[in-house]
Amino acid sequence: MDVLASLRDKIMSLVETLENQEIISSGLNKDSITVETPKDDAFGDLSSNVAMVLSKQANSNPRELAKYFVNQLSKDHSIESVEIAGPGFLNFRLKNKFWIDVVISILEAGVHFGIEKVGTGKSVNIEFVSANPTGPLHVGHTRGAVFGDVLANLLNVAGYTVTREYYVNDAGSQIDSLARSAFSRYQEALGCPTSSEQNEYPGDYLKEVGEALKEKYGKQLLYEEEDSRLDKVKDFTVKRMLALIRKDLADLGIVMDSFVSEKGLYAKGRVEDSINKLRDLGLIYTGVLERPKGGNEQEWSVREQELFKSSQFGDDTDRPIKKADGSWTYFAPDIAYHYEKLARKYDEIINIFGADHSGYIARMKAVVRALSNGEQDLTIRLCQLVKLYKDGQPVKMSKRAGSYITLRELLNEVGKDAIRFLLLMRKNDAPIDFDFSKAIEQTRENPVFYVQYANARIFSILRRARESNIDVSDASLLKADLCLLKDKNEIQAIRKLAEWPNVVAKATSRFEPHRIAFYLFEVAQLFHGLQSLGKIDQGLRFLREDDLNLSKARLAMIRSVQLVVQSGLKIFGIEPVDQML
RNA sequence: GGUCGCGUAGCUCAGCUGGAUAGAGCAACUGACUUCUAAUCAGUAGGUCGCAGGUUCGAAUCCUGCCGCGAUCACCA
């Protein structure tokens, strides 16, 4: 059970009483009533703004209102004292029993501690990565991949049925030119002269595709008609690239539940279907877009094309669904994709975009609103760029020259866990500076290491305890006399653990996994602090040979620290390590 | 030029949708290792929260206008 929530419940039931007695009018907004641990100890163990929130709306004096709560709550057995402070805060001092209950809750619930199942019975589709299958994933994709995956984890532990989805752009001209490049490599592999093309993909990874094509088809493809051989090469190459991407993702700890093919949407006629649906709604028309202000004036030409009235749904301008020559734009299959996604009836639809797609947000939201008759909202989160550094120097990347850093290289050099943690340290809409050298470092400067080290240290202490024949199973630790936990640093650490449910809830509802990263760092910090106290004062060591009961109580406490750390790492998709190497 | 985002300590960033004296890490300085792994810890110092207004009991947070940085904006995908 979540102790902060339990205090909040008590307060809320008092608010209800006040409403029933008509001391305050009912129907006030209670959402912003909080119970939290104040930053300064002087303000007590917990504090609430309830009196201020209510009095503001009721136009009464907060300190007057606060008195009522003080009178009622000071009777509570787990509360030592309640004071009114400042403009009307309620500051609570709690009996140690209250904090002991936190440890008990954690030991009982394990990694499920404090997870509110707000999503039970609801389904969510989260689309992320969706990189074109034209080559291996690179750093730019990695951030969105990790962010989306952890968001999915968060929603999953909150009880949602989550579908992780990858939209595969396996149609269109990029794929055509990919196929042509692959065909050139195939010709090379056969020792034939290549028909060099302008749009070739330069990366070496196509060489193996050429070899593989040779192995499968021999020289057969050379004699086929252009169209038919291109189709074969296309299918073959896309399949290879997708396999490559899946492998990269898997090594990053990500497994998609669903891949939706653009080509498939065309084949099933979904593009026509979705556009017809919009047409029926009167949202498609033939027209000419205005020239955008600024930039590239010379290249602008008047074009008549079919447009979608996205401006009716909050977009700046209407958007073309067909090119001037009558073929579909990139936007059209995207409409079809979301049309098809809507038909699958998710309660929530989420897209994770890269920074370069910021211009697409408005139109995609518009499409979803239009296709669902305004009933469904598309949630989009944009991940900003990752700038790579090595020894403080920026690493230059050029996609054109094929010299970008791939996810594979990152995995080899830094490792999955560090990549994940470091990319989750920032909120999604802030750019990240990612320093290779720091990521590999095993010092406090590297937060992944620091958090892992806390977990490993606890593991090591528990192992030592076991060697001294202490039963350190959770069931046994639950029986420890936890009232012996009196030291103020210990209580402080437990207070931090009590915040965990709040942190997860907030990270989930606001799509902000970075909160967990910071929180885990703080927990690790408190633990390392406790550990060091034992060096200064032998009496504060976790394991006291002269006092088995106290040892067990402290082991229970650090085990609960470990459980919280581990559940955080689990959400992050990071393996907790038992031992640092 | 339009749109979106950002601007907080020397550096990298938190700041719990309006709360109390704005917080961490790094760098700097002082101190603690025959260790329950010092791969760590304790402490000192460091601020006009970009600028100017507004909203109210109360603003880093909300509104408006500037300034600076970044992404993006047409037929590509």
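Structure report, in brief. Bear in mind the structure is a predicted one, so any value in this text is a computation, not a measurement.

1. Remarks on the overall build of chain A
Helices and strands together make up the secondary structure of chain A, namely 21 helices and 15 strands. Overall, chain A is about 85 × 60 × 40 Å in size when its C-alpha atoms are taken along their principal axes. Within the span of chain A, comprising 581 residues, buried residues form 52% of the whole. For chain A, restricting intrachain contacts to residue pairs at least 6 apart in sequence, the fraction spanning at least 24 positions comes to 71%. If you sum the accessible surface of chain A, you get close to 27,800 Å²; carbon and sulfur atoms cover 47% of it. For chain A, the distance from the average site of its 78 positive side-chain charges to the average site of its 82 negative ones is 2 Å.

2. Remarks on unusual backbone geometry
Even without being a glycine, Val 129 presents a positive backbone phi close to 65°. Residue Val 129 is classed as buried on the basis of its relative accessible area of 14%. Positive phi values are uncommon outside glycine, yet Asn 373 reaches one of about 55°. Tracing the sequence through the fold places Asn 373 in the loop between helix H12 (361–371) and strand E12 (378–383). Note on Asn 373: relative accessible area 53%, which makes it exposed.

3. Details of the sheet that holds strand E4 (residues 89–94)
Within the open sheet, the four strands sit side by side as E1-E2-E4-E3. Their pairing is antiparallel. Each end of this open sheet is capped by a strand with a single partner; those strands are strand E1 (35–36) and strand E3 (79–85).

4. Here's the deal with the pattern of salt bridges
For the structure on display, the rule yields 33 salt bridges. Close ionic contact of Arg 344 with Glu 165 constitutes a salt bridge, the shortest N to O distance being 2.7 Å. Residue Arg 344 is found in the loop between helix H11 (331–343) and strand E11 (348–354), and its partner Glu 165 is found in strand E6 (residues 161–168); the two are separated by 179 residues along the sequence. On the basis of relative accessibility, which here comes to 28%, the residue Arg 344 falls in the partly exposed class. Under the relative-accessibility criterion, Glu 165 is labelled buried at 0%. Salt bridges here are not isolated pairs; linked through shared partners, they connect Lys 247, Asp 248, Asp 251 and Arg 408.

5. With respect to the protein's contact with RNA strand B
Surrounding RNA strand B, one finds 65 residues, the nearest of these being Phe 89, Tyr 450, Arg 457, Lys 506 and Arg 541. If you look at RNA strand B and keep only atoms within 4 Å of the protein, 69% of those are sugar or phosphate atoms. Between RNA strand B and Ala 355 there is a distance of 3.0 Å, counted from a sugar or linking oxygen to a backbone nitrogen or oxygen. Contact between RNA strand B and Gln 531: a base nitrogen at 3.1 Å from a main-chain N or O atom of the residue.

6. Notes on the nonpolar core
Soluble globular proteins tend to bury their nonpolar side chains together. Judged by nonpolar contacts, the single largest core of 130 residues is most densely connected at Phe 69, Phe 92 and Phe 434. Leaving out residues up to four positions away in the same chain, Phe 434 has contacts with Val 386, Lys 387, Leu 388, Tyr 389, Leu 410, Val 414, Leu 422, Leu 423 and Ala 439. Tyr 167, Val 260, Ala 336 and Met 364 belong to the second largest nonpolar core, which has 29 residues in total.

7. Here we look at the pairing of E12
Look at any regular strand and the pattern is simple: side chains alternate between the two faces of the sheet. The element E12 is largely enclosed, with a buried count of five among its six residues. Pairing geometry for E11 and E12, over six bridges, is parallel. Bridge pairing links Ile 350 to Thr 379 in E12. Between E11 and its parallel partner E12, the chain crosses via H12, and the hand of that crossover is right-handed.

8. Focus on the packing of aromatic side chains
Counting across every chain of the model gives 14 aromatic pairs. With a centroid separation of 4.1 Å and an interplanar angle of 5°, the aromatic rings of Tyr 167 and Tyr 337 are classed as stacked. Taken together, the residues Tyr 167 in strand E6 and Tyr 337 in helix H11 connect sequence positions 170 residues apart. Side by side, Tyr 167 and Tyr 337 carry an identical accessibility label, which is buried. We note Arg 363 situated over the ring of Phe 331; from NZ or CZ to the ring centre the distance is 5.7 Å.

9. Topic: the packing of helix H1 (residues 3–20) against helix H3 (residues 62–73)
One way to put it is that H1 packs onto H3 with a least axis distance of 11 Å and a crossing angle of 120°. Comparing their axes, H3 and H1 come out oblique. As H1 packs across H3, the resulting crossing turns out to be right-handed. Within the contact between the two elements, H1 uses Lys 10, Ile 11, Leu 14, Val 15, Thr 17 and Leu 18 and H3 uses Leu 65, Tyr 68, Phe 69, Gln 72 and Leu 73.

10. Considerations on the environment of Gly 282
Within the element layout of this structure, Gly 282 appears in the loop between helix H10 (270–280) and strand E8 (284–288). In this structure, the C-alpha to C-alpha distance between Gly 282 and Phe 308, residues 26 residues apart in sequence, is 9.3 Å.

11. Quick word on the sheet that holds E11
The parallel open sheet is built from five strands, whose spatial order is E7-E6-E5-E11-E12. Among the strands making up the open sheet, the edge pair consists of strand E7 (258–261) and E12. For this sheet the average axis-to-axis angle between neighbouring strands, irrespective of direction, equals 25°. By the bridge criterion, four bridges tie strand E5 (residues 123–127) to E11 in an arrangement that is parallel. Across the sheet, the residue bridging to Glu 127 is Asn 351, located in E11. Strands E5, E6, E7, E11 and E12 of the sheet are contacted by H11, whose axis makes an angle of about 160° with E6.

Conventions adopted
Residues numbered from 1 in each chain as written. Chains lettered and ligands numbered in written order. Predicted model: local features only at pLDDT ≥ 70, side-chain atom pairs only at ≥ 80, totals over all residues. Heavy atoms only, no water. Helix = DSSP H or I, 4+ residues; strand = E, 2+ residues; numbered from the N terminus. Buried < 20%, exposed > 50% of the residue type's maximum accessible area, 1.4 Å probe, protein only. Contact = heavy atoms within 4.5 Å. Areas by Shrake-Rupley, 256 points an atom, 1.4 Å probe, with all protein chains shown as cover. Lys, Arg positive; Asp, Glu negative; His and termini not counted. Charge placed at Lys NZ, Arg CZ, Asp CG, Glu CD. Pairing = 2+ DSSP bridges. Salt bridge = Lys/Arg side-chain N within 4 Å of Asp/Glu carboxyl O. Near = heavy atom within 4 Å. Polar contact = N/O pair within 3.5 Å; in protein donor to acceptor, adjacent residues only side chain to side chain. Core = buried A, V, L, I, M, F, W, Y, C linked by side-chain atoms within 4.5 Å. Right-handed = clockwise from strand over helix to strand, strands pointing away. Phe/Tyr/Trp six-rings, centres within 6.5 Å; stacked < 30°, edge-to-face > 60°. Lys NZ or Arg CZ within 6 Å of the ring centre and 35° of its normal. Axes fitted to C-alpha atoms, helices over the stretch in contact; angles between N-to-C directions. Parallel < 35°, antiparallel > 145°, perpendicular 65-115°, else oblique. Left-handed = near helix turned anticlockwise from the far one by under 90°.

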